[in-house]
Amino acid sequence: MLEKTYRPAQVEAEHYARWEKDGDFAANTDSNAAPYTIMMPPPNVTGSLHMGHALNSTIQDILIRYNRMRGQDALWQPGMDHAGIATQMVVERQLGAQGIHRRDLGRDTFVEKVWEWKAESGGTITQQLRRLGTSPDWPRERFTMDDGLSKAVRKVFVDLHKQDLIFRDKRLVNWDPKLHTAISDLEVEQKEIKGHLWHFKYPVEGADGTTIVVATTRPETMLGDTGVAVHPEDERYADLIGKHVILPLVGRRIPIVADDYADPETGSGAVKITPAHDFNDFDVGKRHGLEMVNILDGDAHLNDAVPEKYQGLDRYEARRQVVADLEELDLVAEIEDHVHMVPHGDRSGVAIEPWLTDQWYVDAATLAKPAIAAVEGGRIKFVPKNWENTYFEWMRNIQPWCVSRQIWWGHRIPAWYSPDGTIFVELDEAAAAAAAQSHYGKAVTLTQDEDVLDTWFSSALWPFSTLGWPDETAALKRYYPGDTLVTGFDIIFFWVARMIMMGMHFMGEIPFRTVYIHALVRDERGQKMSKSKGNIIDPLMLIDKYGCDALRFTLAALLAQGRDIKLSESRVEGYRNFVTKLWNAARYCQMNGAAIEDGFDPAGCKQIVNRWIVGKLAETAGQLEQALEAYRFNDAANTLYHFTWNIFCDWYLEFTKPILADADAAAQKETRAAMGWALGQLLHIMHPIVPFVTEELWKHLGGSDRGPLIKASWPTFDGTSIDREAAAEMDWVIRLITEVRVVRAELNVPPKALMPLLVREAGPGVAARLKTHVDLLTRLARLSEIQHTPNAAVSGAVPVVLDDMTALLPLADVIDIAQERARLKREVDKAAGEIDKIDRKLSNQSFLAKAPEAVVEEQRERRADAIQLRDKLAAALERLAG
């Protein structure tokens, strides 16, 4: 017998351990079933489970469990990312606490320390993912730095280099002066800074007293200026184009060029150009052949390319000195207070410098062409479809991809340098030595490049490197291309696009067919979760408190396409109550003798209520399948919620009570079997979303004799499963009971009060339905009787209209109608006043301009709720008037 209370912690640990031990998550390369593949976005080895992971992993697990039950050979490929910078920082901090710097150890010893840390502490998140009930094929777990994937990374780099698709160039990068490495745009966060906008006067050469004013938020960079740009159609500067200014403090003669980048409406219309320290200026400099003067070193101190006075100064100290010196020369026209966004390293916390340096680049524009065509041609589809626009915008404007990083943890670039600087790119040192021997006709000393590859480089190979590429493995042949990729919108370019590019280039085929982009999980007010706001919700805390299934169902129920999730603990508590409802319903069924019976044929049911529930279950399963196939997870969850709570618990179990209590033995036997069958089928279709409670109930209801639910087949129904007559009749009964209940609730009829239902008009078949179900109707609608009174005049009654039946509910004896009418009028006026108040607020342009988007959205939701309430109250008032 089921325990009275469901204890998720105990159940979850027991079932997960058995699933994993029995290999229930495993794919089978020898299977004859059609494959279904999802590649797990590899979490960082340093990571711990946050709500974004919980959402992403829940979605994937729902899809995997669903397709596994549908008979497909489902592979969910797990793994972890080595997370170059993040992991190196963790280990450096640990060493720093011991007074050790990585350079004290040397590269090889430091990397050994990282591997030691990984063995001892890395991978915490994979254990946490188990708490979430995820079912990837764990024995296949890969790591982006393991031998197989490292082999793939080297081959891709070497092949792309030989195809002239990887090259070395001097370009601007996001330079982190604390970590001493280039970082990707994704590792840059913009911070609002209260600073200044300095307006400087640059003297025009040969025109005594004539200056051109330029503005900057970074005065120190003026020491690296090599040009001034004005718009070609700006008449103020037409006679200056082609002339030069003399750069103050430096004395360098720099040209005035015409370029569309200069905006005549902004500031003076003239822009200082520092090609080596600004991305836009770099492009202007390229167009006009301007000199690239790098004035900073790797620490963001000024180097020897500036006058001696400024050499060695920190960038901010140099800023103060430059401004002071220009003021002394009377070349500062104006200083404005200025709030602007400044890029900072997301891990170091320091301001990033655009820095001109030699790096390795991938020719992304060439690789992007087939990747763009794959989405344009529909071979890869995005869900929701609007994210294709984001993909195209990035891909059609793609720049060379900087793939080198100046750190020690990662895939070291397979490039070796000879003493004269010649570069040999090969799979290993032996191959590089052989290439050098061939080139020089003798052996030479080679030095390997110190840099490692961007973490995203190895991640881009994930869909095929994890399956054994470059070796021709059975897994690669069977599971590539994959089916669905589940990820967030923020890495469409950094990861999704690059996987498509690499997959198309090296496999000649798309890496996946569908990209499902999920939204963000925010707090209940719609605010982004962050430590500084103190609004982070820990998924493990919620699992501990409410159970894993409650969290999973909550995330699915709130996951509407294109809308961020507003999560609160109360939501999870509410869906915990739903899990409890299922548990209690199963316990009720078990206590009443219902069980899963071999050989039960639902098509043979004689009782109309049993034929009805069979059809409702078939209908629900069909709706659920449609929702999951369309990635409408909220619709899937809400379909299950409605069937479980409303159809099965509120109606079917209530409808069958008289049969189980008083009917003949045959009717009771059929009903117990039908109840057990319906519950068993319900557990099947709920399993992908709430795997633990369904597996536990399946075990206690006798299902485990047929094997675990995780390995069970998805229910199939044919056209005969739905009895249209039974559906129409029982749905009519439900609607009549509901209509009477609505009247009672709206008009404050006391719960214990009984009243007759007086039927005045009734179409064909209504009398028979009323007679057949009179006991259900009177018990569940709280009626004293049902009378047929075609011509009776009844005062103080409200009408009940259902299809072709018109009836009356006499209320004069159970409520004060005049008092109730007055109450409803007050409530209608109150709701209307609330709507008017919100309308005034939403039409206030000052409020709309200042209020956060979440607050505005909250007001709109309150307005919709108020309108719904007003209309409901008005309908009740109209009933009394009628």
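In this text the structure is predicted, and so the values were computed from the model without any measurement.

**Looking at the overall build of the protein**
Consideration 1: Helix and strand content of the protein: 29 helices and 29 strands.
Consideration 2: Oriented by its inertia axes, the alpha-carbon framework of the protein measures out at about 110 × 65 × 55 Å.
Consideration 3: The proportion of buried residues among the 882 residues of the protein is 53%.
Consideration 4: Relative to all contacts within the protein whose residues are 6 or more apart in sequence, the contacts with residues 24 or more apart total 77%.
Consideration 5: As displayed, the protein has an accessible area near 39000 Å², and 48% of this comes from carbon and sulfur atoms.
Consideration 6: Mean positive and mean negative side-chain charge positions of the protein (101 and 127 charges, respectively) differ by 6 Å.

**Quick word on the packing of aromatic side chains**
Consideration 1: Per the counting criterion, the structure on display carries 39 aromatic pairs.
Consideration 2: Centre to centre, the rings of Y391 and F392 are 5.7 Å apart; their planes meet at 65°, and the pair counts as edge-to-face. Across the pair, F392 and Y391 agree in class, each one buried.
Consideration 3: Note on Y516 and Y631: the rings are 5.6 Å apart at their centroids and 20° apart in plane angle, and the pair reads as stacked. Remark: Y631 occurs in the loop between α20 (608-629) and α21 (633-662) and Y516 occurs in strand β23 (residues 514-518); sequence separation between them is 115 residues. Take Y516 and Y631: they sit in the same class, and that class is buried.
Consideration 4: Each residue in the set F553, Y575, F578, Y641 and W645 is aromatic and connected to the rest through ring pairs, giving one cluster.

**With respect to the pairing of strand β9 (residues 227-230)**
Consideration 1: The two faces of β9 match: G227 and A229 on one face and V228 and V230 on the other face are all buried.
Consideration 2: Alignment of β9 against strand β12 (residues 270-273), held across four bridges, turns out to be antiparallel. Bridging across to β12, A229 finds its partner in V271.
Consideration 3: When β9 meets strand β11 (residues 253-258), the two strands line up parallel, connected through three bridges. Bridging across to β11, V230 finds its partner in A258.

**Concerning the sheet that holds strand β18 (residues 415-417)**
Consideration 1: Pairing is antiparallel in the open sheet, where three strands are placed in the order β19-β18-β20. Only two strands of the sheet have a single partner each, and these edge strands are β19 (423-425) and β20 (447-448).
Consideration 2: Of the strand pairs in this sheet, β18 and β19 are connected by three bridges, and their pairing is antiparallel. What sits directly across from A415, in β19, is V425.
Consideration 3: Together, β18 and β19 form the strand contacts of helix α12 (residues 429-440), whose direction differs from that of β19 by roughly 135°.

**Side note on unusual backbone geometry**
For residues other than glycine, phi is negative in most cases, and the peptide bonds are mostly trans.
Consideration 1: A cis geometry characterises the amide bond from V383 onward to P384, with omega recorded as -5°.
Consideration 2: By the secondary structure assignment, P384 is in the loop between β15 (381-383) and α11 (387-395).
Consideration 3: The peptide bond linking W469 to P470 adopts the cis configuration, its omega dihedral lying at 15°.
Consideration 4: Positionally, P470 belongs in the loop between α14 (462-465) and α15 (474-479).
Consideration 5: Of note, A83 is a non-glycine position whose phi angle comes to about 50°, a positive value.
Consideration 6: Relative to the assigned elements, A83 resides in the loop between β3 (79-80) and α3 (84-97).
Consideration 7: Positive phi is not limited to glycine here, since R782 has a value of about 60°.
Consideration 8: Assignment of secondary structure puts R782 in the loop between α26 (774-781) and β27 (783-788).

**Let's talk about the nonpolar core**
Consideration 1: In this structure, W612, F648, F655, L736 and L747 are the most contacted members of the largest nonpolar core, which totals 143 residues.
Consideration 2: At 14 residues, the largest contribution of residues to this core is made by α21.
Consideration 3: Setting aside residues up to four positions removed in sequence, L736 forms contacts with L757, L770, L777, V800, L802 and M805.
Consideration 4: Core analysis: the second largest hydrophobic core is formed by 64 residues, F157, I413, V425 and F457 among them.

**Thoughts on a negative patch on the surface**
Consideration 1: A cluster of acidic residues, D108, E112, E116 and E120, forms a negative patch on the protein surface.
Consideration 2: Note that D108 resides in helix α5 (residues 107-121).
Consideration 3: Judged by relative accessible area, which is 59%, D108 ranks as exposed.

**A closer look at the pattern of salt bridges**
Consideration 1: Applying the stated rule across the entire model yields 58 salt bridges.
Consideration 2: Put simply, E426 and K162 hold a salt bridge, and the shortest N to O gap is 3.4 Å. Taken together, the residues E426 in the loop between β19 and α12 and K162 in helix α7 (residues 147-162) connect sequence positions 264 residues apart.
Consideration 3: Owing to a relative accessible area of 17%, E426 belongs among the buried residues under this scheme.
Consideration 4: Residue classification places K162 among the exposed residues on the basis of a relative accessible area of 53%.

**Details of the side chain of T274**
Consideration 1: By the element assignment, T274 lies in the loop between β12 and α8 (279-288).
Consideration 2: Residue contacts for T274: discarding those within four places in its chain leaves T221, G224, D225 and D281.

**With respect to the sheet that holds strand β7 (residues 188-203)**
Consideration 1: Taken together, the three strands give an open sheet; going across it, the order is β8-β7-β13, and neighbouring strands pair in antiparallel fashion. The outermost strands of the open sheet, each flanked by one partner alone, are β8 (211-216) and β13 (332-345). Along the sheet, successive strands turn relative to each other by an average axial angle of 20°, direction set aside.
Consideration 2: Judged from the 13 bridges that link them, β7 and β13 form a sheet pairing that is antiparallel.

**Quick word on the packing of helix α24 (residues 724-746) against α26**
Consideration 1: The interhelical angle for the contact between α24 and α26, taken along N-to-C directions, is 25°, at an axis separation of 9 Å. Between α24 and α26, the crossing angle belongs to the class labelled roughly parallel. The chirality of how α24 crosses α26 is right-handed. Judged by residue contacts, M730, V733, L736, I737, V740, R741 and R744 of α24 engage L776, L777, L780 and A781 from α26.

**What to know about the environment of D314**
Consideration 1: Among the structural elements, D314 can be located in the loop between α8 and α9 (315-328).
Consideration 2: Residues D314 and D337, 23 residues apart in the sequence, show an inter-C-alpha distance of 22 Å.
Consideration 3: Beyond its immediate sequence surroundings of up to four residues, D314 is in contact with A300, H301 and L302.
Consideration 4: Side-chain polar atoms of D314 contact the backbone nitrogen of Y316, separated by 2.9 Å.

**Notes on the packing of helix α19 (residues 569-591) against helix α22 (residues 665-686)**
Consideration 1: Direction vectors running N to C along α19 and α22 enclose 155°, while the axes themselves pass 10 Å from each other. Put simply, α19 runs roughly antiparallel to α22. Note that α19 runs across α22; the crossing there is left-handed. Note on element contacts: α22 touches α19 through M675, L679, L682, L683 and M686, opposite F578, L582, A586 and C589.
Consideration 2: For the contact of α19 with α22, the residue count by class is nine nonpolar, no polar and no charged.

Criteria and cut-off values
- Residues numbered from 1 in each chain as written.
- Predicted model: local features only at pLDDT ≥ 70, side-chain atom pairs only at ≥ 80, totals over all residues.
- Heavy atoms only, no water.
- Helix = DSSP H or I, 4+ residues; strand = E, 2+ residues; numbered from the N terminus.
- Buried < 20%, exposed > 50% of the residue type's maximum accessible area, 1.4 Å probe, protein only.
- Contact = heavy atoms within 4.5 Å.
- Areas by Shrake-Rupley, 256 points an atom, 1.4 Å probe, with all protein chains shown as cover.
- Lys, Arg positive; Asp, Glu negative; His and termini not counted.
- Charge placed at Lys NZ, Arg CZ, Asp CG, Glu CD.
- Phe/Tyr/Trp six-rings, centres within 6.5 Å; stacked < 30°, edge-to-face > 60°.
- Pairing = 2+ DSSP bridges.
- Axes fitted to C-alpha atoms, helices over the stretch in contact; angles between N-to-C directions.
- Core = buried A, V, L, I, M, F, W, Y, C linked by side-chain atoms within 4.5 Å.
- Patch = residues over 30% accessible without salt bridge, like charges linked within 9 Å, V, L, I, M, F, W, Y side chains within 5 Å.
- Salt bridge = Lys/Arg side-chain N within 4 Å of Asp/Glu carboxyl O.
- Parallel < 35°, antiparallel > 145°, perpendicular 65-115°, else oblique.
- Left-handed = near helix turned anticlockwise from the far one by under 90°.
- Polar contact = N/O pair within 3.5 Å; in protein donor to acceptor, adjacent residues only side chain to side chain.
- Nonpolar A, V, L, I, M, F, W, Y, C, P; charged D, E, K, R; others polar.

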